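Now for the letters of each chain:
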There are 4 protein chains.
Amino acid sequence: MDFAPSERTHALTERLARFMRDEVIPAEPVYAAQLVGGADHRQWRQPPVMEQLKARARDAGLWNLFLPGLDGGPGLSNVEYASLAELMGHSFIAPEAFNCNAPDTGNMEVLHRYGSEEQKRQWLEPLLRGEIRSGFAMTEPDVASSDATNMRATATVEGDEIVLNGRKWWTTGLGHPHCRFVIFMGLSDAQAEPHRRHSMVVCPLDAAGVQIERMLPVFHDYDEPSGHGELHFANVRLPLSHVILGAGRGFEIAQGRLGPGRVHHCMRAIGTAERALSLLCKRAQSRVAFGQPLLKLGGNADIIANLRMAIEQARLLTLKTAWTLDTRGSKAALSLISQIKVVVPMVAQQAADAAIQIHGGAGLTDDFPLAQLYAYARVLRLADGPDEVHRAVVAKLEAKAQLAVENRA
Amino acid sequence: MDFAPSERTHALTERLARFMRDEVIPAEPVYAAQLVGGADHRQWRQPPVMEQLKARARDAGLWNLFLPGLDGGPGLSNVEYASLAELMGHSFIAPEAFNCNAPDTGNMEVLHRYGSEEQKRQWLEPLLRGEIRSGFAMTEPDVASSDATNMRATATVEGDEIVLNGRKWWTTGLGHPHCRFVIFMGLSDAQAEPHRRHSMVVCPLDAAGVQIERMLPVFHDYDEPSGHGELHFANVRLPLSHVILGAGRGFEIAQGRLGPGRVHHCMRAIGTAERALSLLCKRAQSRVAFGQPLLKLGGNADIIANLRMAIEQARLLTLKTAWTLDTRGSKAALSLISQIKVVVPMVAQQAADAAIQIHGGAGLTDDFPLAQLYAYARVLRLADGPDEVHRAVVAKLEAKAQLAVENRA
Amino acid sequence: MDFAPSERTHALTERLARFMRDEVIPAEPVYAAQLVGGADHRQWRQPPVMEQLKARARDAGLWNLFLPGLDGGPGLSNVEYASLAELMGHSFIAPEAFNCNAPDTGNMEVLHRYGSEEQKRQWLEPLLRGEIRSGFAMTEPDVASSDATNMRATATVEGDEIVLNGRKWWTTGLGHPHCRFVIFMGLSDAQAEPHRRHSMVVCPLDAAGVQIERMLPVFHDYDEPSGHGELHFANVRLPLSHVILGAGRGFEIAQGRLGPGRVHHCMRAIGTAERALSLLCKRAQSRVAFGQPLLKLGGNADIIANLRMAIEQARLLTLKTAWTLDTRGSKAALSLISQIKVVVPMVAQQAADAAIQIHGGAGLTDDFPLAQLYAYARVLRLADGPDEVHRAVVAKLEAKAQLAVENRA
Amino acid sequence: MDFAPSERTHALTERLARFMRDEVIPAEPVYAAQLVGGADHRQWRQPPVMEQLKARARDAGLWNLFLPGLDGGPGLSNVEYASLAELMGHSFIAPEAFNCNAPDTGNMEVLHRYGSEEQKRQWLEPLLRGEIRSGFAMTEPDVASSDATNMRATATVEGDEIVLNGRKWWTTGLGHPHCRFVIFMGLSDAQAEPHRRHSMVVCPLDAAGVQIERMLPVFHDYDEPSGHGELHFANVRLPLSHVILGAGRGFEIAQGRLGPGRVHHCMRAIGTAERALSLLCKRAQSRVAFGQPLLKLGGNADIIANLRMAIEQARLLTLKTAWTLDTRGSKAALSLISQIKVVVPMVAQQAADAAIQIHGGAGLTDDFPLAQLYAYARVLRLADGPDEVHRAVVAKLEAKAQLAVENRA
């Protein structure tokens, strides 16, 4: 169980940290000033500073770091990528600058691993170059999507076409001016065995019958210019070549996609928690009340200690998950992936909440990135499966493992 | 310790509940549709439906219920007002409809108890009629305002004038189109004994030197058309008749103002928590996953039980505080007021967070009032003193009380 | 909802408090010195000082205060009894001194309400005089007794006899030298409707076939000379006159018995929590580290504040439960009784744990009553139904109530 | 950061696990039956089965595994020892069977690293052979020992003698029939600089003036035949050769001693938590209520999941601490050592408490080892510094580190 960065990653980490400090962080206010906000995503624009950052990051060799080998990716292991992803988590604009933002990373992995040559050429290559962006359409508004068997949207094979119908939401990145397609998941054959029922389909946004209904705010924030969108599919007809891997193989792909995606999210959320703790400590040492820095008052030092311990533990658990994925595969990592999906967002939420509290009212405004850090952590307790579902997975696997030990003894 | 509603309040409660159900709740979407949102408060408008609600509430005798006697108020005790305020807490638009919204209620109480005849005529009367609105300018952006002695703004007597200087923020209601004045608190005499240093001054918003800098978002929400504002005072000169009660008597007034104000906030926050729990239960019983309503899954039933117990306890503690204020005065209620300021917003925050979680992504959007309920509870953990300061008060009084018992024994 | 003590209880409370301070507390070390400890209950003796306390308490009119009217009881309401029971909770030896100790109080109530004249004469009267003690045999070692339908012990009617068989444990008071009988609950008719299957039977300990197996330690403490015992019944034959109320009416009695019993336990546990908090505060103010009393260090003041808030809320919830029982009956109090069974023991456990922590190692020894307070609270989270069962009751009733509101709207 | 067991440790772990399963666990009831209990340690006897276990463990090469190199120890790193120590933590009798029990391990390390040849010959060698046992006398009953500067006991150099005076308690192992000496820490020179004031002295228990006052119960358990003792030193005169390393060098030694000692404690406590979780899962799957195994009821699965996540994280944090000690020394590990001292005992306490709850009343008795596991975890929140002191250390180092980062930026 070796979590130490390799020499190669050590050097990468240093370069990335320097890039973050010299390029990304100073660009944050520029980016904010260039944003066009509001609920109407058709007004959204890509801030020019982001394209500049992307160009520089690519020149600096800090591009597509997430990608496991080939196709221009450095082929980092999950453990190697971890410290890089954590650093990116310190700034909301960092992941896109490095072409490492969700959900595009997951989509690139899917196309990289399961896509046809045509799909790769048409969709993967421009994604890898950062020219276009994409979404993932799985969650549905009308059912409890925590139970995947609730899925109602359909992807029906009719001759040499596949026909998409249904409503999806929480498609992250849908509002981005560069967004060109989504990967759509739908029911193809309700009679097949449970894990062969669904398909994943590349659906261009300009296909007839695709309708973007609206963007969804998170605590009143639209997260422009990416956004989270609701979209409807009404008899969207696509050639069968748009199906990934083949009809009925959606769950197979999903299982491969979600593991690393969740780990990447958690790595970034560790960075989120660290940023919050760092702001908390700075405020605690600089603000004075009752003749003392806040740090010396009441239980504030305990809050800092508790967060340090919680973040440290969450990071180690995430590293162990990455290591297990790398060395033993995704089935062996099943419980651990669910564990970090519960632990890490909760720690990040607590860190952001505590940092808000010590900043007083200022913590709730846009004068600090805390409200945004908070919202990111809060969303993550729901995205890719709510805490409750992941706890149930952990408990089930634990009970089974304990029973096995008992029976062996 | 009698918490039961009097016959009179019982009848009032019934009428208010009916008005909430038949008038206020149905008006919520109308109000939302009539709102002009965004960061620029100069664009904000009073939704016409609010003026209609106000007219009907006044006709129905559900007006100024908060006001302790005289001047058109029903003279309800704090205990009597409690169940009414809780009901109002179910809807964000309810308090204004009944002319019972903060910070106007606190300002009306101050003017009612301490204002000169002229101040009453000019400011209190239109407030009581619901024609104008007002703000309270105490918290400052540059210091830890949890320690009141940090206050830097000044209110200097010069001849027959008082001159205001300094920066204030979190002045709730400042952005409202009807807002006409704020009560400003500033340092008048740094050499006086600690509780005689500050003054409260009625400052019209159109006085020369008053500058509204901006509105402050809470989790990206501007809470329009009321808002929380930052405003600067640069050599604002007012006649001495604008000082309330006399220069140097600001703390005296503050102590009288903050007690009931905090209790009212907590009463409404109980309503907030109840609304969240009610939405949670509804969702838990109507959504199905893995073949069962969510209520039957995992720890969801425990979450409901824990919230019920926490809310019930928080309500009883609030009622005891109200009863103590009513029967034994604000000094006797000191610890209890701080206790509810810690307990109630935390319960409301937990209820809103749990309700969001069970709603999945929908809970974070504007499709449900949960994000707004959450923000209200979150702000309340900072407004009128952060949790930390109130916990310190409770501990100090407890330690003192225990020492007294010990010494007596 | 009036929780104030009546004039009569006010006077009683003062007398009881004085008796606690002048008689009970000073007797604690004498009692401890007179105890014969160890696992073998046959060695246990009633400390003579207890009989002296009982005599004085009876002379002082502080006797059988729990008893609702008649038979020498003062007929206090549950609300009236609450503050008395809380005071008794400050010392482990107090309840017996006032003849108000569990499970005898519950048994006296059962016999008082449901017993035949003969049962009253033979068992209730000596209990009321404090001459004998008794136990309650319901929980069983071989099944999850949280589910009452699991009960395996049988009480079979054969002609004019009832025959008891089975194993019971956690019969509190079984080891007491004065213990003469238990009330046994067993299955009489597995085919009857669910609430008519069980019977309660007065079973003398000297009946043939009754075997005391052992005393059960709680964290290594046998709670001598009362103890919690395991006992077996092998074909114990008793005349039908030993059945209370009639065969098949056990659940009916249990429901009446458990409500007030749980409330009494919770009232005493509030006293337990207060005693722990009082010891905590005393230590925090008298011990010095790093140049300051512990009270001033780290989060200690927050711990005190949090406990004060939690205890205050738990007490109010208990009073509301008592008031509801008094005024609206036990069915209306169902959820509240379950609520306090979850809330109060947990608060008492937290208070005792925090007090232990601040006492350092000393808190774990017998130099302070904290380990004993802790154990009492810990047991109470299991006795009369574990937390989990009560949470489930609260959630079920809440969901039902919310559904009713919704359907009405 | 490589936590993987070396090949050597892998083999050792397998052998140790087998020995635990085949020898230690089956010996537990034999050991319990051979114990002589009670408060009077002069009655305590070493259970013969323990000497048999020791002989077999030594023959199996599972002896002194804790010892870092030389002197018959295998020279395992802290990381290598970690999984072995965790396994030992599953049974209370295991550590002594492998000669790896506290406080002897710490004392052996002190003598190994700092002892004179004479001290090694006379005290270390018989300890290494498991012939004698020892104690550590640092904590004092009359002061808050969490602040080491409070220490009142003295070790005064007078000519060629050192004279010990004062009261000590919580000397673990003092009651063991084989206990021959304690390492005593006392003030030698109040005027010296703070870290040169104290001395450590080997004090034989049969020295004139040494008085064992009593054994201290933990939740009524005396932990016989080791125990925790209180002892008084009245003008105990010893030759200067009994001083370790030299007068005034006590803190220097303490710092070296406490680091690994705390890590070992935490490793064993992880084992404690795992044992509790394992018993919990077993009960949850085998007991049935309301027609289901307890595992399926209410929040029980969540409890299991939460414990699995907490234990996993605590283990990783402990491994990181061990790895840091191994590779970067004890100063670099300062914060981490304090972190695990807070985190691990708390997790173990929670695991034991949750396991007790699911066992119902049985969990509180001696029918299961849960009450003992609980007590071990509870003591550990106080031993070697209470949580509060360690949290303060973590916060202080964190604030300092954050300030350094900020200044660098």
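Residues numbered from 1 in each chain as written. Chains lettered and ligands numbered in written order. Predicted model: local features only at pLDDT ≥ 70, side-chain atom pairs only at ≥ 80, totals over all residues.

*Asks:* Can you help me understand the overall build of chain A in this one?
*Replies:* When helices and strands are counted, chain A shows 11 helices and 9 strands. Computed over C-alpha atoms, the radius of gyration of chain A comes to 22 Å, within 12% of the 22 Å expected from 2.2 N^0.38 for 409 residues, which places it in the range of a compact globule. Seen along its three principal axes, the alpha-carbon backbone of chain A occupies a region of about 75 × 65 × 45 Å. Across chain A, the fraction of contacts at a sequence separation of at least 24, relative to all contacts at a separation of at least 6, is 73%. (Helix = DSSP H or I, 4+ residues; strand = E, 2+ residues; numbered from the N terminus. Rg over C-alpha atoms; globule rule 2.2 N^0.38 Å. Contact = placed C-beta atoms within 7 Å.)

*Asks:* Sorry, what's going on with the domain arrangement of chain A here?
*Replies:* Think of interface size as the accessible area that goes away when the parts come together; that is how it is often given. All names here are of chain A. Per the domain assignment, the segments making up chain A are domain 1 (7-128), domain 2 (133-248) and domain 3 (251-403). Residue-level contacts link 20 residues of domain 1 with 23 residues of domain 3. Counting only elements with at least two residues in the side of domain 1 that touches domain 3, the list comes to α3 (78-88) and α5 (104-114). Here the side of domain 1 that touches domain 3 takes 7 residues from α3, the largest share from any one element. Here the residues of the side of domain 1 that touches domain 3 sort into 11 nonpolar, 6 polar and 3 charged. (Domains from an automatic or database assignment. Nonpolar A, V, L, I, M, F, W, Y, C, P; charged D, E, K, R; others polar.)

*Asks:* Sorry if this is basic, but what is going on with the interface of chain C and chain A here?
*Replies:* Between chain C and chain A, the contact holds 4 residues from the first and 4 residues from the second. Classifying every residue of the side of chain C that touches chain A gives 1 nonpolar, 2 polar and 1 charged.

*Asks:* When you look at the relation of the copies chain D and chain A in this model, what are you seeing that I'm missing?
*Replies:* With an RMSD of 0.0 Å, chain D superimposes on chain A once it is rotated by 180° and translated 0.0 Å along the axis. Taken together, the rotation angle and the small translation identify this as a two-fold axis. Within chain D, the C-alpha atom positioned nearest to the axis of rotation is that of D:D2, 1.9 Å from it. A symmetric contact is evident, with 100% of the interface residues of chain D recurring at the interface of chain A. (Least-squares fit on C-alpha atoms with pLDDT ≥ 70 in both.)

*Asks:* Please explain the pairing of strand β3 (residues 161-172) of chain D as it appears in this structure.
*Replies:* Within a regular strand, the side chains alternate between the two sheet faces. All names here are of chain D. Relative to β3, strand β2 (residues 154-158) is paired through 5 bridges, and the arrangement is antiparallel. In the strand pairing of β3, T156 is matched with V163. Adjacent in sequence and paired antiparallel, β2 and β3 are bridged by 2 residues, among which G159 carries a positive phi angle near 60°. Sheet topology places β3 next to strand β7 (residues 228-239); 9 bridges connect them, and they run antiparallel. Directly across from I162, in β7, lies its bridge partner L238. (Pairing = 2+ DSSP bridges.)

*Asks:* Would you take a moment to explain the interface of chain D and chain A for this structure?
*Replies:* Contacts between the two partners involve 32 residues from chain D, matched on the other side by 32 residues from chain A. Those elements that provide at least two residues to the side of chain D that touches chain A are α7 (250-286), α8 (300-332), α9 (334-359) and α11 (387-408) of chain D. Sorting elements by how many residues they give to the side of chain D that touches chain A places α8(D) first, with 11 residues. The residue makeup of the side of chain D that touches chain A, split by class, is 18 nonpolar, 5 polar and 9 charged.

*Asks:* What's the story with the UniProt feature "domain: Acyl-CoA dehydrogenase/oxidase C-terminal" (unreviewed entry) in chain A in this structure? I'm lost.
*Replies:* As annotated in UniProt, the feature "domain: Acyl-CoA dehydrogenase/oxidase C-terminal" (unreviewed entry) corresponds to residues 248-396 of chain A in the numbering used here. Helix makes up 79% of residues 248-396 of chain A and strand 3%. Its end C-alpha atoms lie 27 Å apart. (UniProt positions renumbered as here; feature names shortened; annotations may be inferred.)

*Asks:* Is there a simple way to think about the environment of D:E109 in this case?
*Replies:* Summarising the element assignment, D:E109 is placed in helix α5 (residues 104-114). Remark: the alpha-carbon pair of D:E109 and D:F66, spanning 43 residues in sequence, is separated by 9.1 Å.

*Asks:* In this structure, what is going on with unusual backbone geometry? I would like to understand it.
*Replies:* Generally, phi is negative for residues other than glycine and the peptide bonds are trans, each holding for most cases. Omega for the peptide link from B:A102 to B:P103 comes to 0°, which places this bond in the cis form. Following the sequence through the fold, B:P103 ends up in the loop between α4 (94-97) and α5 (104-114). If you check the backbone angles, A:N64 has positive phi at about 55° while not being a glycine. Considering the arrangement of structural elements, one finds A:N64 in the loop between α2 (48-59) and α3. With a phi angle near 70°, C:H220 is a residue other than glycine that sits in the positive phi range. Mapping C:H220 onto the fold places it in the loop between β6 (210-215) and β7 (228-239).

*Asks:* Explain α2(A) to me, please; I cannot follow it from the model alone.
*Replies:* In an α-helix, one full turn covers 3.6 residues, which means residues spaced three or four apart are oriented alike. Residue and element names in this part refer to chain A. Taking 1.5 Å as the rise per residue, α2 with 12 residues should run 16 Å; its terminal C-alpha atoms sit 17 Å apart, in good agreement. If you check which residues of α2 are buried, you get V49, L53 and A57. Down the axis, α2 shows its buried residues gathered within 75° of arc, on one side only. Facing away from the buried surface of α2 by more than 90 degrees, the exposed residues are P48, A55 and D59. Looking one or two places after α2, you find G61, whose phi comes out positive at around 75°. (Expected span 1.5 Å × (residues − 1). Buried ≥ 20, exposed ≤ 12 C-beta atoms within 10 Å, placed from the backbone. Arc of directions from axis to C-beta.)

*Asks:* Is there a simple way to think about the pairing of strand β7 (residues 228-239) of chain A in this case?
*Replies:* Of the pairings in the sheet, the one linking strand β6 (residues 210-215) of chain A to β7(A) comprises 5 bridges and is antiparallel in character. Its bridge partner lying in β7(A), A:V210 is registered against A:F233.

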